[in-house]
Amino acid sequence: MSTGPADATGRPQGRRIAVLAGRGEYPLRVASAAAAQGASVYVAVLTGAGDPADYAAYDAREYRLGQLGRFLDEIKRREIDEIVMVGALPRPSFGALAPELSTLKYLPHFARAFQGGDDHLLRGVVAFFEGQGLRVLGPAELAPDIVAPVGTLGRHKPSAVAREAIATGFNLLAALSPFDIGQAAIIADHRVVAVEAAEGTDAMVERVAGLVQSGRLKPGKGDGVLIKMPKLGQDLRVDMPAIGPDTVARVAAAGLAGIAVKAGSVLIGDRQRLATLADASGLFIEGVA
C-alpha cells in the first residue's frame, strides 16, 4: 500500500486508487467516497460502459479490454497500488479482446480464467491484479453506505407469507451456489417461479411480469418476492450483487410484494431514494442478516 504519515483513523495518507468503472451509478459513488477520504482517484472507464465525461471531477480515461497493458503501464507510472472494480459489465468473449501489443503477454492468464463460469473468471481477474502488486478493494470498503443495511427500508414490511417466501429463496440460492448460475430468484404462490441465469435479474423479473400479465401466475396480496444474495464464497470485492431504482420499478410492474436482499452483501446505492421509491410503489425492501 501507499506509505506516508497516518491520518486520525490510522489510514496512510496519500492513497492512490484506480477505479475500474463499468456501467451504472456505483463507480461514481465509489470514486466520490474515495476522494472524500483524501485518496487520489484515477478512473478507467471501460469502453461501452460509460463516458469519461461522466467523471469530470476526476482524472478519467477510456480503455478497451484489449488495452489492459496500457492501463497497467499508466497505473504503474502513477504509482497506484490499490484498485476497485465496480459497475455492471457483460461477460466479454475471449476472442473479442483484440489485444494490443502491450497486452499480449497477459493473454495466457486470461485464457485460463475464461475456462469456467463468471465466478472463475472474476477470481482470475483478482489473482491477476494481485499478481501485479495491486491491492484489490471492494466497493463496500470505500463506500459502506451504498450497501444494504439490516432491516426494512421505507414504510412497508413483509407479510408472514412474504417472510416464508424469503426464507425459501435464501435456502434455494444457497443450494444453487456451487453451480455458479445466478444471484436471484422469485418466490410466489408458495413455489419457486424463477431463478436468475445468464439473462440477469432485470430480465428474470420481466419474465415473471409476463407470466402475471398472461394470467399464468397470480400472486396474492402480500405475496411474491424477489430475493437477491451473493453465491456462497463469492468474492464481494469484484462481484457484489446490486439492485436499484429500475429493479424496484420492474418488481412493482410484475405485481410482486417486495424485495429481500442479504444485508451487507448487496449494493443498493442511495438508501433514502430507494426507500422513497418503494413506498410510492407499495413495496417492501428488506435487508436480511
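Cut-offs and rules
- Residues numbered from 1 in each chain as written.
- Predicted model: local features only at pLDDT ≥ 70, side-chain atom pairs only at ≥ 80, totals over all residues.
- Heavy atoms only, no water.
- Pairing = 2+ DSSP bridges.
- Helix = DSSP H or I, 4+ residues; strand = E, 2+ residues; numbered from the N terminus.
- Axes fitted to C-alpha atoms, helices over the stretch in contact; angles between N-to-C directions.
- Contact = heavy atoms within 4.5 Å.
- Core = buried A, V, L, I, M, F, W, Y, C linked by side-chain atoms within 4.5 Å.
- Buried < 20%, exposed > 50% of the residue type's maximum accessible area, 1.4 Å probe, protein only.

1. Structural notes on the sheet that holds strand 8 (residues 191–195)
Hydrogen bonds along the backbone pair up the strands of a sheet, which may run parallel or antiparallel.
Phase 1 of the analysis: On the basis of which strands lie adjacent, the open sheet formed by six strands has the order 6-11-10-9-7-8 and mixed pairing. In this open sheet, the two edge strands, each paired with only one partner strand, are strand 6 (151–153) and strand 8. Within this sheet the neighbouring strands show an average axis-to-axis angle of 25 degrees, counted without direction.
Phase 2 of the analysis: Pairing of strand 7 (residues 184–188) with strand 8 involves four bridges; the strand directions are antiparallel. By the bridge assignment, I186 is partnered in strand 8 with A194.
Phase 3 of the analysis: Against the sheet, helix 6 (residues 160–176) engages strand 7, strand 8, strand 9 (225–228), strand 10 (258–262) and strand 11 (284–288), with an angle of about 35 degrees to strand 9.

2. Description of the environment of R123
Phase 1 of the analysis: Following the sequence through the fold, R123 ends up in helix 4 (residues 118–131).
Phase 2 of the analysis: Beyond its immediate chain neighbours, meaning those up to four positions away, R123 contacts G233, Q234 and D235.

3. Notes on the sheet that holds strand 4 (residues 82–86)
Phase 1 of the analysis: Pairing is parallel across the open sheet formed by five strands, whose spatial order is 3-2-1-4-5. The open sheet has two edge strands with one neighbour each: strand 3 (59–63) and strand 5 (135–137). When strand polarity is set aside, the average angle formed by the axes of neighbouring strands in this sheet is 25 degrees.
Phase 2 of the analysis: Examined bridge by bridge, strand 1 (residues 16–21) and strand 4 share five bridges and lie parallel to one another. From the neighbouring strand, A18 faces strand 4, where its bridge partner is I83.

4. A few points about the nonpolar core
Phase 1 of the analysis: Core analysis: the biggest nonpolar cluster contains 27 residues, and I186, L226, I259 and I285 have the highest contact counts within it.
Phase 2 of the analysis: Elements supplying a minimum of two residues to this core: strand 7, strand 8, helix 7 (201–213), helix 8 (245–253), strand 10 and helix 9 (271–281).
Phase 3 of the analysis: Element by element, the count of residues in this core is highest for helix 7, at four residues.
Phase 4 of the analysis: Formed by 24 residues, the second largest nonpolar core is a distinct cluster that contains V43, A143, V147 and L267.

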